[in-house]
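In case you want the letters, here they are:
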Amino acid sequence: MKVYLDNAATTPIAKEVITEIEPYLSTYFGNPSSTHAFGRKTKNAIEINRKKIADFINAKSNEIIFTSGGTEADNIALRCAVIDLKVERIITTKIEHHAVGHTAQDLLKSNGTEIVFLSTDELGNPSIEELNELLKSSKRTLVSLMHANNEIGTMLPISETADICNQYDHVFFHSDTVQTMGHYSFDVKELGIDFLTCSAHKIHGPKGIGFLYVKKDFKISPLITGGSQERSHRGGTENIYGIIGLGKAMDLAYANLENHQEYVQGLKLKMMKEIQLMDKRISFNGETDPDKSLYTVLNVSFPEDICNSMLLFSLDIHGIAASGGSACSSGSSIGSHVLAELPNQENKQAVRFSFSRFTTNEEIEYTLEKIRAIIKNE
Ligand code: PLP
């Protein structure tokens, strides 16, 4: 049996997405910038999808910029804040994805942007008291706090955080929503947020495509200069297959959102309950309260004396794919920068199981059975 429980790293592409893309691979090949019928066909498809995506988050079409994925979207948000909005300070945490963390570090080097890290508690929640205190200064500031942590699933109260930022004209708010877009509803007007990001491959869409929501009154200097695509925000012939796939992936994600949420949450809760029964010393990393924790992610710490460092390898031998951190750091010897910020990680093996609407009950049963056997050394 092959069981894929690494959906926070990437998800399998949905069949309907492939069907939607296919005519643009085989038949409609026009360059969207061409003014003839071939070009108009693909340009039209891009704009239909842009409008559809904007509608899902209650944005306007001209507030959506297609990007090569979450990393680029985060990059544009942070760099635009510093270069165009003249932000002098970025407030974030040490447990953001590297797309934010390393970009902030780069802006410190290139532009002298100050970086302030909020402390995070033992569950990965950033200190809102510190945020409130820091924002009293008149420095132009970008607050960049992820909606849900990709490794431990802890969720930010995004609406309350937006309210705090919105009290100040000199404060902008970016939230990396790569792990939550398509899994929760967003209304950017109600949130009053400045930047949101999305990556299609996390929601059964193609890799190499995503978008940045950016409040329309911001002027943005392109990171990629060239043609006037994306209203001159990003040069280069558009990734038409990606955009169509992303639009379809969003359709599918939001068509039955509540059912998906309930179903996947059920799988996670079942796995938590059963794992806890195996040994009392097994613990979970990050928030476990379903209202504060991403329902697609379960990060488990096994004491090393019951599960040695070969745990992931043993699961892999049984056909079960999970991860030892985020995809971006798994396989790397430096380990997880997120777990490094949490207390009591010594002598423990952390495994991230992440689910999707395609995960089945049988797959969870099989995984639990194999974990039980590994623990018992069978
Ligand atoms: N932000 C978060 C929270 C992520 O989990 C990821 C991918 O793992 C990214 C950003 C980067 O997205 P992409 O792979 O589309 O560049």
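About the criteria used
Residues numbered from 1 in each chain as written. Predicted model: local features only at pLDDT ≥ 70, side-chain atom pairs only at ≥ 80, totals over all residues. Heavy atoms only, no water. Disulfide = S-S within 2.5 Å. Pairing = 2+ DSSP bridges. Helix = DSSP H or I, 4+ residues; strand = E, 2+ residues; numbered from the N terminus. Axes fitted to C-alpha atoms, helices over the stretch in contact; angles between N-to-C directions. Contact = heavy atoms within 4.5 Å. Salt bridge = Lys/Arg side-chain N within 4 Å of Asp/Glu carboxyl O. Buried < 20%, exposed > 50% of the residue type's maximum accessible area, 1.4 Å probe, protein only. Near = heavy atom within 4 Å. Polar contact = N/O pair within 3.5 Å; in protein donor to acceptor, adjacent residues only side chain to side chain. Areas by Shrake-Rupley, 256 points an atom, 1.4 Å probe, with all protein chains shown as cover. Nonpolar A, V, L, I, M, F, W, Y, C, P; charged D, E, K, R; others polar.

Before going further, it helps to examine the state of the cysteines. Within this structure, the stated rule accounts for 0 disulfides. Not engaged in a disulfide, the cysteine C165 finds its nearest cysteine sulfur in C80; these two sulfurs lie 16 Å apart.

In spatial order, the strands read β9-β10-β12; together these 3 strands make up an open sheet with antiparallel pairing. Sheet topology places β9 (283-285) and β12 (348-354) at the edges, where each strand pairs with a single neighbour. On average, each strand axis in the sheet is tilted by 35° relative to the strand beside it, whichever way the strands run. Judged from the 3 bridges that link them, β9 and strand β10 (residues 297-303) form a sheet pairing that is antiparallel. Bridge pairing links N285 to N299 in β10. The sheet contacts of helix α10 (residues 257-278) involve β9, β10 and β12, and relative to β10 the element is tilted by about 10°.

Right, let's get into the pattern of salt bridges. This model, assessed by the stated rule, comprises 18 salt bridges. Residues K51 and D55 are paired through a salt bridge, measuring 2.9 Å at the closest nitrogen-oxygen approach. Note that K51 and D55 are positioned in helix α2 (residues 37-56) at a spacing of 4 residues, about one turn of the helix. With a relative accessible area of 44%, K51 lands in the partly exposed category. The network of salt bridges with shared partners includes K43, E47, R50 and E230.

Let's shift gears to the site of the ligand. What surrounds the ligand is a group of 14 residues, the closest being G70, T71, D176, S199 and K202. One nitrogen or oxygen atom from the main chain of G70 is found 2.8 Å from an oxygen atom belonging to the ligand. In the environment of the ligand, an oxygen atom lies 2.6 Å from a nitrogen or oxygen atom belonging to the side chain of K202. In isolation the ligand exposes 390 Å². Once the protein is present, 89% of that is buried. Take the shell around the ligand: its biggest share by element is 3 residues, from helix α3 (residues 70-83). A per-class count over the shell around the ligand returns 3 nonpolar, 8 polar and 3 charged.

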